[in-house]
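# Examination of the molecular architecture
Okay, here's what each chain looks like letter by letter:
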Amino acid sequence: MTDKPTKADWQAKADKEVAGRDLTWRTPEGIDVQPLYTAEDAEGLDPGLPGFAPYTRGPYASMYTGRPWTIRQYAGFSTAEESNAFYRRNLAMGQKGLSVAFDLATHRGYDSDHPRVRGDVGKAGVAIDTVRDMEILFDQIPLDEMSVSMTMNGAVIPVMAFYIVAAERQGVSQEKLSGTIQNDILKEFMVRNTYIYPPEPSMRIVSDIIAYTSQHMPRFNSISISGYHMHEAGATAVQELAFTIADGKEYAKRAMETGLDIDAFAPRLSFFWGIGMNFFMEIAKMRAARLLWHDVMTELGAKNAKSKMLRTHCQTSGVSLQEQDPYNNVIRTTLEALSAVLGGTQSLHTNALDEAIALPTDFSARIARNTQLVIQEETGITNVADPLGGSYYIEALTKEIADKARELLAEVDAAGGMTAYVASGAPKAAIESAAAEKQAKVDKGETVIVGVNKYRKAEEDPIDTLDIDNHKVRASQVARIEKVRRNRDEEQVKVALANLTRGAQVNRAENEALLKDGRDDKGVPLPPSQLEKLAADSETNLLALAVEAARADATLGEISAAMEKAFGRYDTIPTPVKGVYSSAYEGDARYAQVVEGVEAVARRLDHKPRILVAKMGQDGHDRGANVIASAFADMGFEVISGPLFQTPEETAKMALEHDVDAVGASSLAAGHKTLIPELVQQLKDAGRADIKVVAGGVIPPQDYDFLKKAGVQGIYGPGTNVVEAAADVLRLLGHNMPPAGEEMEAAE
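Computed from a predicted model, the values in this text were never measured in an experiment. (Residues numbered from 1 in each chain as written. Predicted model: local features only at pLDDT ≥ 70, side-chain atom pairs only at ≥ 80, totals over all residues. Heavy atoms only, no water.)

### Points about the domain arrangement of the protein chain
Note on interface size: it is often stated as the accessible area lost on association of the parts. In terms of domain boundaries, the protein chain breaks down into domain 1 (68-444), domain 2 (470-567) and domain 3 (580-744). Using C-alpha coordinates to define each centre, domain 1 is positioned 28 Å away from domain 2. Listed by partner, the interface residues are 49 residues for domain 1 and 34 residues for domain 2. Summed over both partners, the interface of domain 1 with domain 2 buries about 3300 Å², with 60% contributed by carbon and sulfur atoms. Ranking the residues of domain 1 by area buried against domain 2 places Ile 157, Tyr 197 and Arg 204 at the top, with a combined share of 19%. The tally of links between domain 1 and domain 2 comes to 6 salt bridges. Across the salt bridge formed by Glu 81 and Arg 480, the nearest N and O atoms sit 2.2 Å from each other. Taken together, domain 1 and domain 2 are joined by 21 residue pairs in polar contact (both at pLDDT 80 or more). Listing elements by their share of the side of domain 1 that touches domain 2, those giving two or more residues are helix H2 (80-92), helix H4 (131-137), helix H5 (156-169) and helix H7 (199-216). If one sorts the elements of the side of domain 1 that touches domain 2 by residue count, H5 sits on top with 10 residues. (Domains from an automatic or database assignment. Contact = heavy atoms within 4.5 Å. Buried area = accessible area lost by both parts, 1.4 Å probe. Salt bridge = Lys/Arg side-chain N within 4 Å of Asp/Glu carboxyl O. Polar contact = N/O pair within 3.5 Å; in protein donor to acceptor, adjacent residues only side chain to side chain. Helix = DSSP H or I, 4+ residues; strand = E, 2+ residues; numbered from the N terminus.)

Encoded structure:
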């Protein structure tokens, strides 16, 4: 009888087969993944059982054997009428819950008639200006039976108020409403940028919603703590995990500071993860998240077991979708959906194959939904709770990612908590650095994207996409706003909005200090009437006040503006990271060619080629813009990063002030057909048609001719190699840049 082979025996045999080449894989998270895992790698690692603390194997004992995950489709189609029709079709075909996408004007607290949102209305989601819009959105959908998830953070107060009042008008009281509001503002300051107010008052809004729903809406999840947008912005799995858990910890602490018992609200907290293409890493991330959340809530003093259970929604990655060879996206989404399911999600949204370039069509949305139905009904996955539990690889990887996340969590705690850490800019810079590193690896071909940087088709097949007539949608929304305003009691609206502003002006910290001391700043005792008023003011809840304004038919923009009078509106200017591309491309011949080309143009112009990287409209997704700014700066361009949310007029003015040679307009939310031609015209009207305008981002190929006729000279869609984009910009600036693979001398 021969001895049982050991891992060392395997290693010796494998080394011979691969000539001693190291097969260890270093992930972007800095985890060294071995080519083989055995019992010794999982020694001492006991994940427990599903439904039992620390819930590594799932929050419920039966998991999908008792009830499968909820199938959701995140959608909003320009108008409430179109979105409602889409929801009803999908519900009839097997979807189990609604997940609402709002347009960017709504996210940023503007009514559709506001001049700053001309190109944003109805783009990337549904426009909601009034309670009437919300009533239409849920027409013939019983809100006492249907779970509703709403991705909203900036304008979360008016959107929640409209939902509550629309339900009332449907005959459904607040305590019967079930679903989730995202209400996760901290991650907006890190990645997505659809904030309205500064961090501190924004955190007050979060706390008020938690308090209100705890009291009035026991079936409703008051916050969905989101790692998804960090994932989409380029965060590693460790960053997404650690920063999201840290956000949740901060929200819990803030709610407790208002006097709420942790076990009164924590069972209604939920999470939201992005699921990418590193199949096993995503499964381990979700398992580690449950472990870490259990530990965090125990540390904060939670006693109720439900407070310590991390429940989650997941969405397959949007950034992994590709414009090139788009039917490959069905495969990508299927694999990501499997990761989410094997990781133990409670609900799931699967992206459609065409979402790299547009909102989904009915055709692509049906495939996305059916992906989940096939997994749920045909694979047998739902017959076993946590089928990968006990896998040597999964258990070891879960420990690795949890340990690395704990290191980041300690760093956040040392900074004074997540609000302070976000204010320092550290998490945003770390995520942007990770995003630039990922893009550089794709550009160099080290990370393979099938159909993009390897196995690419000679000619792309055309694909039908959904096009939204922004001007038509805006006109219909403006007409509805005007009708609502004509039929409401204006005096009642004014009173409700004034009450909301006064409520927002209350400084709870000062009030509590005065109540505790009982004296003013001169040491004079406060009269009982003033103490009573201070106590009443401290109990003021912004959502409660907004519900009254919504009942009076105040608009979303009016409610947002009422709070803005007290809080102000928050703005920031991007500060892209430096050195990532130059480090990644050290010794690369093509990169050196482009750098040499930049230097040649600088000699001819007597200054470095100067490019303004602009984000126009209300889209805050700035990953692409920041990657371009970082890479171009490393290659020697002088890069001016414009502030977010500019109008075409403001971008043109900035281009003139900085005397730029080119403007790169980044578009991810379908406003390109309105905003970019307006920018070109603004520059022409200023006598500077010589400034080159190029565009990048989520732009359907069928729109390229439209933009070129409008004067756009270069268009760089998803999958564009950033170094080659820089080479093309040099050609536009008059440099005879050679194609990739040719010597520079051939161009001189």
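### Describing the side chain of Arg 480
Note that Arg 480 resides in helix H17 (residues 470-486). Non-local contacts of Arg 480, meaning those with residues more than four positions away in its chain, are made with Ala 80, Glu 81, Arg 132, Asp 133 and Ile 136.

### Examining helix H14 (residues 392-414)
Relative to the 33 Å expected for 23 residues at 1.5 Å per residue, H14 spans 34 Å between its end C-alpha atoms, a close match to the ideal helical length. Burial in H14 covers these residues: Tyr 393, Ile 394, Glu 395, Ala 396, Leu 397, Thr 398, Ile 401, Ala 402, Ala 405, Leu 408, Leu 409 and Val 412. Of the surrounding secondary structure, the elements contacted by the buried residues of H14 are strand E2 (32-33), helix H9 (237-257), helix H11 (279-299) and helix H15 (418-424). Two residues or fewer after H14 comes Gly 416, characterised by a positive phi angle close to 100°. (Expected span 1.5 Å × (residues − 1). Buried < 20%, exposed > 50% of the residue type's maximum accessible area, 1.4 Å probe, protein only.)

### Describing the nonpolar core
Grouped burial of nonpolar side chains is what soluble globular proteins tend to show. In this structure, Leu 241, Ile 245, Phe 265, Trp 273, Ile 401 and Met 418 are the most contacted members of the largest nonpolar core, which totals 80 residues. For this core, the leading source of residues is H11, giving 11 residues. The next biggest cluster of nonpolar side chains, apart from the first, holds 60 residues, and it includes Val 100, Phe 102, Val 131 and Val 148. (Core = buried A, V, L, I, M, F, W, Y, C linked by side-chain atoms within 4.5 Å.)

### A closer look at unusual backbone geometry
With the exception of glycine, most residues fall at negative phi, and the peptide bonds are largely trans. In the segment running from Ala 53 into Pro 54, the intervening peptide bond is cis, with an omega of 5°. Not every positive phi belongs to a glycine, and Gln 140 is a case in point at roughly 65°. Note that Gln 140 resides in the loop between H4 and strand E5 (148-150). Phi angles above zero are rare outside glycine, and Asn 183 is one such case at about 50°. Inspection of the secondary structure puts Asn 183 in the loop between strand E6 (179-181) and helix H6 (186-192).

### As for a nonpolar patch on the surface
Taken together, the side chains of Met 277, Ile 331 and Leu 335 make up a nonpolar region of the molecular surface, amounting to roughly 260 Å² of accessible area. Among the secondary structure elements, Met 277 is positioned in the loop between strand E9 (269-275) and H11. (Patch = residues over 30% accessible without salt bridge, like charges linked within 9 Å, V, L, I, M, F, W, Y side chains within 5 Å. Areas by Shrake-Rupley, 256 points an atom, 1.4 Å probe, with all protein chains shown as cover.)

### Brief notes about the environment of Ala 246
Tracing the backbone through its elements, the reader meets Ala 246 in helix H9. Its relative accessible area of 4% is what places Ala 246 among the buried residues. In sequence terms Ala 246 and Glu 377 are 131 residues apart; their C-alpha atoms lie 36 Å from each other. Non-local contacts of Ala 246, meaning those with residues more than four positions away in its chain, are made with Leu 409, Val 412 and Met 418.

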